[in-house]
Each structure stands twice: as structure tokens, then as C-alpha cells.
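Take a look at the letters that make up each chain.
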Amino acid sequence: MTRAYNFSAGPATLPEAVLRQAQAEMLEWHGAGASIVELSHRGPEFLQVAQEAEADLRALMSIPDDYAVLFLQGGATSQQALIPLNFAAPGQKADYVLTGHWGKTAIKQAKPYVDVNVAASSEADGYRDVPERGAWRLSDDAAYVHITANETIHGVEFRDIPDVGDVPLVADFSSSIVSEPLDVSKFGVIYAGAQKNLGPVGVSVAIIRRDLLERAGQPRADIFTYASHASKESMLNTPPTWNWYLAGLVFKWMRAQGGVEAFAASNQRKSALLYDVIDGSGGFYRNEVAAGARSRMNVPFFLKDEALDKPFLAEAKAAGLISLKGHRALGGMRASIYNAMPEAGVEALAGFMRDFQQRNG
Ligand SMILES: Cc1ncc(COP(=O)(O)O)c(C=O)c1O
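Residues numbered from 1 in each chain as written. Predicted model: local features only at pLDDT ≥ 70, side-chain atom pairs only at ≥ 80, totals over all residues. Heavy atoms only, no water.

S.K.: Sorry if this is basic, but what is going on with the overall build of the protein here?
M.R.: The number of helices and strands found in the protein is nine helices and 14 strands. Over its C-alpha trace the protein gives a radius of gyration of 21 Å, about what one expects of a compact globule, namely 21 Å for 361 residues. Across its three principal axes, the protein shows a C-alpha extent of roughly 60 × 55 × 30 Å. The burial tally for the protein puts 55% of its 361 residues in the buried class. Contacts in the protein between residues at least 24 apart in sequence constitute 67% of all its contacts with a sequence separation of at least 6. Accessible area of the protein: about 15400 Å², with a carbon and sulfur share of 50%. (Helix = DSSP H or I, 4+ residues; strand = E, 2+ residues; numbered from the N terminus. Rg over C-alpha atoms; globule rule 2.2 N^0.38 Å. Buried < 20%, exposed > 50% of the residue type's maximum accessible area, 1.4 Å probe, protein only. Contact = heavy atoms within 4.5 Å. Areas by Shrake-Rupley, 256 points an atom, 1.4 Å probe, with all protein chains shown as cover.)

Encoded structure:
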């Protein structure tokens, strides 16, 4: 068996140790006589898994007690619709700061429910920077301010938490959650699909300041109500038990590796190595994002000659480096280097890039 270094943006590479543990526990979980995925979500076995996963995520992210932690179905996109439904009155204003493709999706999901005010946008410049806070035009009476902490396709990341006063800050952290220490108390809501830094696709995490759960929001079914999920500890209906279990294994693995502090340091080294190769290539490779907004998780780059894209991808694959093709919206290449990507994988990619340039530059 040969596992390649997998730079997929999501679903993304998982820690090998986690996959091996899941494999070992697949047929029978801890003497239960069945796999965890075959047991009731209300039984003692899965309840233990669920509670430990929440406790481990709380410990990893230092989540204050006045925040609910929910494990939900529907992906990050569903959260983008549930947020206006739960936290804004019908037609109320909500401010959105647009820094890439996923911010656009968030706006699209919100538009049926709220009066979206695009408070700032980098769209006209091709999403290459985060608009300066001073230039944002926030509404006086917004229900919340929404940002995309890390734009997975455009490779643009907020490096500071913006101050939006008393209005709750809602942030899509799908592609950068648990990549570094974060002051959760600065946010009203943090949400993330799991399939980048937390585990497998099929479960999303929503971290919600509890006072917001009391907002009336809009007419909606119980199943679309965060407060109902919170009151039932994410077991309002059958939760995605396998995905939740795997995410729990990832949390334990992260804690054993030294937690978010350790990953922050290695994520910094990994991304700096790739940006150094790109910037030092004399234009053979290029990344167009402003230096202060470059993502540590997703590094998009272009080759100086598009005709080299195909050979680059083919030779990278032959060298055991896969899933480097950029998103169709942007073209070029993209290296997604989440927590589970070992430094050795990024070193191998950097070496390959230098070598490819030497042979084709
Ligand atoms: C930042 C961000 N937000 C939202 C999404 C959409 O997530 P999902 O496909 O889980 O709905 C993605 C998916 O890649 C993403 O990267």
C-alpha cells in the first residue's frame, strides 16, 4: 500500500493514525459486539463517543461554557441558510464581508431571509485581499456580521479578528478551524464543515453563544432550529454517528500532538515554505494574494505558462503528490495543507516544485 501526499481541499487527507484506529475498530468497537456505526446513537457506547468528542473539541479550542457546541448534518452550506433563519427577523439587515467564493455562497443562502448588506467586498479585485476594517460600511441595525475566515478557493485568510462592536460576529471557519489558537469569545457563531480540518464530510460543527439561541429568528421547522438541536445535544434526530466518531478520533489525535498551538507552528512553517518557493521562483510560479491575507491552509498558485499545468500535475502524481489541481473557478494549482498534512508532505512538494522549475524554467 502506498499512500500519496494528498493536497485535496476537502474532503481532505486525514491523519493516518486515525484511519488505522478506525480500521482496527471497524468490526467491533471496544468490546461492544458491533461497530460503533451499527449501534444506536442513544446507547451508552455512542453517547460516550459523542460526549468525549465535544469535550475534546471544547478543550482544543478553549470554548467557553456559555457557548453551545453542535454536531449537525447538512454541511457548511446548510449553516449558511440556518444562520439568517435563526438569528435575524424576516427582512432584517445582515452585514456580509465578501472575500471569495464561499462568502458569495453564504450571501446566496441568506438572501431569501434577510436584507443582505455587502459591507465590504474584494470581488472587483479578484478576491486578492481582505478589505481593510476601516472601509467596511456596516449597517446600524444588522442582526449579525458574517465573514469567511478562510476562503478555501481563493486562499485568502483573515489574520485578525475584526472588531464589529456589539453585533454578533458570525464566521465560516470551514477550512481553518483548529489550525491555530482562537479567541472564541470574540464570536457569536463559528461554523465549519468537517471535511478539511475536523474529519470526514457529513458532519458540521456549530459553536454558538447561548444568548443567541434565544433569538426568535424566522418561522421555521424545529429541525432547522439551533436551539432545539442544542436542547437535545445534537440528537434531535439521528446524527451522523460515523462522521462524529471519526471527528472525535481526530480531536484526540490533535490533543496528543500538542493541540492547536503545535499545529499553529507547523502550519506556519508549512505555508511559509510553499510561499517561499513561489516568491523565490522569479515568476515561474505566482500567488496573487496580498502578503498579509495569504492563507496558511490553501495555497493557490499559477505556473507562468498554462501549457505546463498538465505535465506539472502528471509528474506530481507520479512523485506521490496528488490533488493539486486548482478549483475550476480559479484554474492553476492549489495545495491544501491542513493539520493532517505532515511537514514532510509539504517539503516533498516544495522539492518537486523547485525540481520542476529547473527542468522547465
Ligand atoms: C469556507 C467554506 N465554506 C463553505 C463550504 C461548503 O461546505 P459544504 O460543502 O460542507 O456545504 C466550503 C466547502 O468547501 C468551504 O470551503
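S.K.: How should the nonpolar core be read in this particular structure?
M.R.: Where a protein is soluble and globular, its nonpolar side chains tend to be buried together. Grouped together as the largest cluster of nonpolar side chains are 57 residues, with contacts concentrated most on Leu57, Phe71, Ile177 and Ile207. The greatest single-element share of this core, amounting to nine residues, is contributed by helix H6 (residues 241-256). Shared between two domains, this core takes at least three residues from each, and those domains are domain 1 (17-256) and domain 2 (259-360). In contact with Ile207, not counting residues within four places along its chain, are Met61, Ile63, Tyr67, Ala68, Ile177, Val184, Gly188, Val189 and Ile190. If you look at the next biggest cluster of nonpolar residues, it comprises 29 residues, including Leu82, Leu85, Tyr127 and Val189. (Core = buried A, V, L, I, M, F, W, Y, C linked by side-chain atoms within 4.5 Å. Domains from an automatic or database assignment.)

S.K.: How should I be thinking about the packing of helix H3 (residues 75-87) against helix H4 (residues 101-110) in this particular structure?
M.R.: If you want to describe how two helices pack, look at the angle between their axes and the distance between the axes. It is at 8 Å that the axes of H3 and H4 come closest, and there the two elements cross at 45°. It follows from the interaxial angle that H3 and H4 lie oblique. Seen along the crossing, H3 lies across H4 with a hand that is right-handed. Where H3 approaches H4, its residues Thr77, Gln80, Ala81 and Pro84 are matched on the opposing element by Trp102, Thr105, Ala106, Gln109 and Ala110. For the contact of H3 with H4, the class distribution of residues is five nonpolar, four polar and no charged. (Axes fitted to C-alpha atoms, helices over the stretch in contact; angles between N-to-C directions. Parallel < 35°, antiparallel > 145°, perpendicular 65-115°, else oblique. Left-handed = near helix turned anticlockwise from the far one by under 90°. Nonpolar A, V, L, I, M, F, W, Y, C, P; charged D, E, K, R; others polar.)

S.K.: Can you help me understand the domain arrangement of the protein in this one?
M.R.: Quite often, the size of an interface is put as the accessible area lost when its parts meet. Segmenting the protein into domains produces domain 1 (17-256) and domain 2 (259-360). For domain 1 and domain 2, the distance between their C-alpha centres works out to 27 Å. Between domain 1 and domain 2, the contact holds 24 residues from the first and 23 residues from the second. Between the two partners, domain 1 and domain 2, sit three salt bridges. We note a salt bridge from Arg296 to Glu157, for which the minimum N-O separation is 2.6 Å. If you look at where domain 1 meets domain 2, you find 15 residue pairs in polar contact (both at pLDDT 80 or more). (Salt bridge = Lys/Arg side-chain N within 4 Å of Asp/Glu carboxyl O. Polar contact = N/O pair within 3.5 Å; in protein donor to acceptor, adjacent residues only side chain to side chain.)

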